[in-house]
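Chain residues, written in single-letter form:
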Amino acid sequence: MTTEEKVLSSSPGMLPLFARAGAAMIPGASRLPFLGGERSDEVPDLTLKLEDVRIDRERLASYTRVTKFPLRDQLPPTYPHILAFPLHLALMTDRRFPFPALGLVHIANEITQHRPIRVTEELQISVRATPLEDHPRGRQFTLRSEARVGDELVWEEGSTILKRGGSSEGSSPESGREEPPELPVVATWRLPGDLGRRYASVSGDMNPIHMHSLSAKAFGFPTAIAHGMWTNARCLAALNPRLPGSFRTDVRFRKPVLLPATVQFGEADDAAGIRFNVRGAGKGTPHLDGSVSFR
């Protein structure tokens, strides 16, 4: 089957996309004309592209304030994610996509920075989704994103997404997997209750689970939860002075961070680079496990 490629003239608007995602949760939504009909059983073989992407310096400055990256003439390694995120949501709200976008869970993320990206460079962003795979708690797929300067691949990402329910046979996701070693705690972070709204204002990710306790409760959370990509970015900001120009980072999101919260950041060197984690300051609840591999 031939891959469909769609080049967008501008970044999709986030409010219309989230409105579309919310409408898809309504019973019988597939019959609504503006949603386009019945869903497919498979992820569409569709690549979305956005060309001539310029960096908004004010937005970048706001992003660095929320995530604690230094404001420099190079992009934080997680910043291209927020440039790609509108394409993520546009893909997941395509009429053929098998699941409603709201309710999906970001369970893992990997980023490869091939070289630093200068703030003055224009980017081409592309996003596609991999085929569905079984997961012990449902089905999963990965959103593959790339950033290029001209023909040069400078950054790439894989965001693994879980659709809960209809579990395949097998053990739980945590069983059979070696528990990462405990790491020395090097920092304690106090996260305010409005962190989800603050990060949403610069990232565009206005998923209701992050915005307010009332909207989070509709999806089964007792209060708003921190964005996984904020936690990922905050960790890499803490490691930023030690990061080379080219590296790969892999993180696994564990239990959600219920806001407000106090968490502890741990890190240690290993043979490949650096291991790091985030744990609850009280009970040691595992929130994130990650590693940086130097290339």
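Above this text is the structure in question.
Residues numbered from 1 in each chain as written. Predicted model: local features only at pLDDT ≥ 70, side-chain atom pairs only at ≥ 80, totals over all residues. Heavy atoms only, no water.

Counting its regular elements, the protein chain contains seven helices and twelve strands. Compactness check: the protein chain gives a C-alpha radius of gyration of 19 Å against a globular reference of 19 Å for 295 residues, within 12% of the reference. Overall, the C-alpha framework of the protein chain stretches about 55 × 45 × 35 Å when taken along its three principal axes. Across the 295 residues in the protein chain, those meeting the buried criterion constitute 50%. Restricting the contact set of the protein chain to residue pairs at least 6 apart, pairs at least 24 apart contribute 72%. Taken as a whole, the protein chain presents about 13900 Å² of accessible surface, with 50% of it coming from carbon and sulfur. (Helix = DSSP H or I, 4+ residues; strand = E, 2+ residues; numbered from the N terminus. Rg over C-alpha atoms; globule rule 2.2 N^0.38 Å. Buried < 20%, exposed > 50% of the residue type's maximum accessible area, 1.4 Å probe, protein only. Contact = heavy atoms within 4.5 Å. Areas by Shrake-Rupley, 256 points an atom, 1.4 Å probe, with all protein chains shown as cover.)

Now for unusual backbone geometry. A negative phi holds for most residues other than glycine; trans holds for most peptide bonds. Of the consecutive residues Leu259 and Pro260, the connecting peptide bond is found in the cis state with omega at -5°. With a phi angle near 55°, Asp52 is a residue other than glycine that sits in the positive phi range. In this structure, Asp52 sits in strand 2 (residues 46–53).

No statement about biological role is implied by the geometric values presented.
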